[in-house]
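# Working through the structure, step by step
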Amino acid sequence: MPLKIAIAGLGTVGGGVIKALTDPESGLAARAGRPLQIVAVSARDASKARGFPVENFVADPLALAKSDADVVVELIGGEDGIAKKLVETALANGKHVVTANKALLAKHGAALAVAAEKNKLQLKFEAAVAGGIPIVNTLRESLVAYDVQAVKGILNGTCNYILTEMEATGASFASVLKDAQKLGYAEADPTLDVGGGDTAHKLALLSSLAFGVTPDLSAMTVEGIEHITPADIHFASEFGFRIKLLGVARRTQSGIEQKVHPAMVRARSPLANVDGAANGVLVDAGEAGSFFFSGRGAGEAPTASAVVADIVEAAGGAASPAFGRPAASLARLEPADGKQAVSPWYLRFEVLDEPGVLALIARHLAEAGVSIESMIQRVRAPGTPVAIVMITHETSQASTERALKAIGASDKVRARPCMIPMES
Ligand SMILES: NC(=O)c1ccc[n+]([C@@H]2O[C@H](COP(=O)([O-])OP(=O)(O)OC[C@H]3O[C@@H](n4cnc5c(N)ncnc54)[C@H](OP(=O)(O)O)[C@@H]3O)[C@@H](O)[C@H]2O)c1
């Protein structure tokens, strides 16, 4: 019996999936143990020229959930709306679901996992995190013997591309973003990417798989890369670091800490060497050791590769829980108090080059219990703003923020002070 597949969404990913499934040379049927047959497809515009075969087009995507398909593949996107309705209806009607939609799963993953389990169906989402990198199945099925201690990832290609280009050219965030938009590396509205929201969606899914918790965006602190300057990147390199936007989830004594933020990463570490639009994920799997994965995190073929792998697995029919554990056993996340997390910090102050400014900074840092390991002030320009950069000894985020708030209130400080944690 063929596996009957219905695909909603014929854009970048949907197109790649159709090309892979209809490639006569692919040998996918042999891997699946049965023929793979696309029985229906849907998108917004029936008449759009797409550059791949579009057969059995159905105007209403929801009709796919009521068709005779065994698997509904949701590649429309969006955390609510038609994508949510389609996945819910498909699961209610006994169809396996494959999706690449991290926004949907980060918000509704727990409820959808319950719905899938109730009907003994598969809900698969390998493509939703880090595109072609098989990190979802790795956390769900492979690294299960020992408790995962931490997952750290470069999960957004747009941010990584921008930071890599800023380092290579010395150009500002705004100017690199503009070029990235022209080249198609950034969306017209880049907020979700550069503000860290997209990384947060993916981190919520990785946390759930790694730690057995409900995906929960409200338990996460999120900071983007808009405030990173070429000077920060330059100073990072002087200290032997590179700046990366990381999603970090780790076990701490007070719970699971989840944060998205720019971080100084040691230049020789694997994560620091994930360049351009690539993604990378480091898993500390306790006694099993650390494992590093990198590769293309987006684009037609890498994302289609992950979607097709899920479809082939669905052909086997055996349902396993979406997040690796029965949905009812997923714990509500007890968020750790991230403000108490301790690390060395990179601090940058834009200050007027006047006598007494350094003493003011030192006094506020000392009052908050923050001690300085090293300091750089290169340019002397009396009366005009200059950058003072400091690296602190290990100290809590709360103490460092307290000091920076007091320093930032001075009229000698010309911009909001910048603080970036230095990853161990
Ligand atoms: N692109 C990537 O590299 C990548 C990587 C990982 C995950 N993802 C995820 O994969 C999903 C699809 O992304 P994509 O890049 O392929 O998006 P896309 O190129 O924008 O394609 C979206 C598709 O959905 C269709 N669509 C949109 N609204 C619709 C509606 N109301 N009713 C019916 N069809 C509708 C569009 O129809 P028309 O073509 O007729 O306009 C289009 O075919 C998203 O969840 C995304 O987050 C993408």
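Analysis parameters
- Residues numbered from 1 in each chain as written.
- Predicted model: local features only at pLDDT ≥ 70, side-chain atom pairs only at ≥ 80, totals over all residues.
- Heavy atoms only, no water.
- Helix = DSSP H or I, 4+ residues; strand = E, 2+ residues; numbered from the N terminus.
- Expected span 1.5 Å × (residues − 1).
- Buried < 20%, exposed > 50% of the residue type's maximum accessible area, 1.4 Å probe, protein only.
- Near = heavy atom within 4 Å.
- Polar contact = N/O pair within 3.5 Å; in protein donor to acceptor, adjacent residues only side chain to side chain.
- Areas by Shrake-Rupley, 256 points an atom, 1.4 Å probe, with all protein chains shown as cover.
- 1 Å grid on protein atoms, 1.4 Å probe; cavity = no way out; pocket = protein on both sides within 12 Å on 5 of 7 lines; lining within 4 Å.
- Sits in = over half its atoms within 2 Å of the grid points.
- Nonpolar A, V, L, I, M, F, W, Y, C, P; charged D, E, K, R; others polar.
- Pairing = 2+ DSSP bridges.
- Axes fitted to C-alpha atoms, helices over the stretch in contact; angles between N-to-C directions.
- Contact = heavy atoms within 4.5 Å.
- Points joined across faces, edges and corners; volume = space filled by probe spheres on them.
- Arc of directions from axis to C-beta.
- Phe/Tyr/Trp six-rings, centres within 6.5 Å; stacked < 30°, edge-to-face > 60°.
- Parallel < 35°, antiparallel > 145°, perpendicular 65-115°, else oblique.
- Left-handed = near helix turned anticlockwise from the far one by under 90°.

With 15 residues, helix α9 (residues 197-211) should cover 21 Å at 1.5 Å per step; its first-to-last C-alpha distance of 21 Å lies within 8% of that length. Most of α9 is tucked away: 15 of the 15 residues are buried. Phi turns positive, to about 70°, at glycine 212, one or two residues after α9.

Turning our attention to the site of the ligand. In the neighbourhood of the ligand, 22 residues make up the surrounding shell, with Leu10, Val13, Asp45, Arg50 and Gly299 lying closest. Contacts to the ligand include arginine 44, whose side-chain N or O atom sits 3.0 Å from an oxygen atom. Taking arginine 50, its side chain carries an N or O atom lying 2.8 Å from an oxygen atom of the ligand. Against a free-state accessible area of 900 Å², the protein chains account for coverage of 76% of the ligand. Most atoms of the ligand, that is more than half of them, are within 2 Å of grid points of the largest pocket. Residue composition of the shell around the ligand, by class: 10 nonpolar, seven polar and five charged.

In spatial order, the strands read β14-β15-β13-β17; together these four strands make up an open sheet with antiparallel pairing. Because the sheet does not close on itself, it has two edges, and the strands there are β14 (372-376) and β17 (418-421). The average angle at which neighbouring strand axes cross in this sheet is 20°, direction not considered. As judged from the four bridges shared by strand β13 (residues 345-352) and β17, these two strands associate in the antiparallel manner. Residue arginine 348 lies in a different strand from β17, and its bridge partner there is cysteine 418. Sitting on the sheet, helix α10 (residues 230-238) touches β13, β14, β15 (385-392) and β17, and the angle it makes with β13 is about 130°.

On to the layout of surface pockets, then. Each pocket or cavity is described by its volume, and for the largest pocket that value is around 1,400 Å³. Within the residue set of the lining of the largest pocket, elements represented by two or more residues are α1 (12-22), α4 (102-118), α6 (157-169), α8 (191-194) and α9. A per-class count over the lining of the largest pocket returns 19 nonpolar, 18 polar and 12 charged. Glu223, Trp345, Gln397, Glu401 and Met419 are, among the 31 residues lining the second largest pocket, the residues nearest its centre. Only β7 (221-222), β9 (255-266), β12 (342-343), β13, α13 (397-408) and β17 provide two or more residues apiece to the lining of the second largest pocket. If one sorts the elements of the lining of the second largest pocket by residue count, α13 sits on top with five residues.

Attention now goes to helix α12 (residues 357-367). When α12 is considered as a whole, its buried residues turn out to be Val357, Leu360, Ile361, His364 and Leu365. Within α12, the buried residues cover an arc of 125° as seen down the axis, which keeps them to one side. Projecting away from the buried face of α12 at angles above 90 degrees are the exposed residues Ala359, Ala366 and Glu367. Where α12 is buried, its residues meet β13, β14, β15 and α13.

On inspection of all chains with the given rule, the structure shows two aromatic pairs. Aromatic pair phenylalanine 125 and phenylalanine 323: ring centres 5.2 Å apart, planes at 45°, arrangement tilted. Of the two residues, phenylalanine 125 is situated in the loop between β5 (123-124) and α5 (135-142) and phenylalanine 323 in the loop between α11 (300-316) and β12; the sequence distance between them amounts to 198 residues. We note that phenylalanine 125, like phenylalanine 323, is buried.

Here five strands make up an open sheet; going across it, the order is β2-β1-β3-β4-β5 and the pairing parallel. Both outer strands of the open sheet, β2 (36-42) and β5, are each paired with one neighbouring strand and no more. Sheet topology note: the strand β4 (residues 96-99)/β5 ladder contains two bridges and is parallel. Along β5, the bridge assignment pairs valine 98 with lysine 124.

Our next topic: the pairing of β13. Counting buried positions over the eight residues of β13 gives seven, a clear majority of the element. Relative to β15, β13 runs antiparallel, the two sharing seven bridges. What sits directly across from glutamate 350, in β15, is alanine 387.

In the contact formed by α1 and α11, the axes pass within 8 Å of each other and the chain directions differ by 60°. With respect to α11, the axis of α1 lies oblique. Considering only the axes of α1 and α11, their crossing is right-handed. Between α1, through Thr12, Val13, Gly16, Val17, Lys19, Ala20 and Leu21, and α11, the contact on the second element is made entirely by Glu300, Thr303, Ala304, Val307, Val308 and Ile311. Looking at the contact of α1 with α11 residue by residue, the classes come out as eight nonpolar, three polar and two charged.

What is shown is where atoms sit, not what they do.
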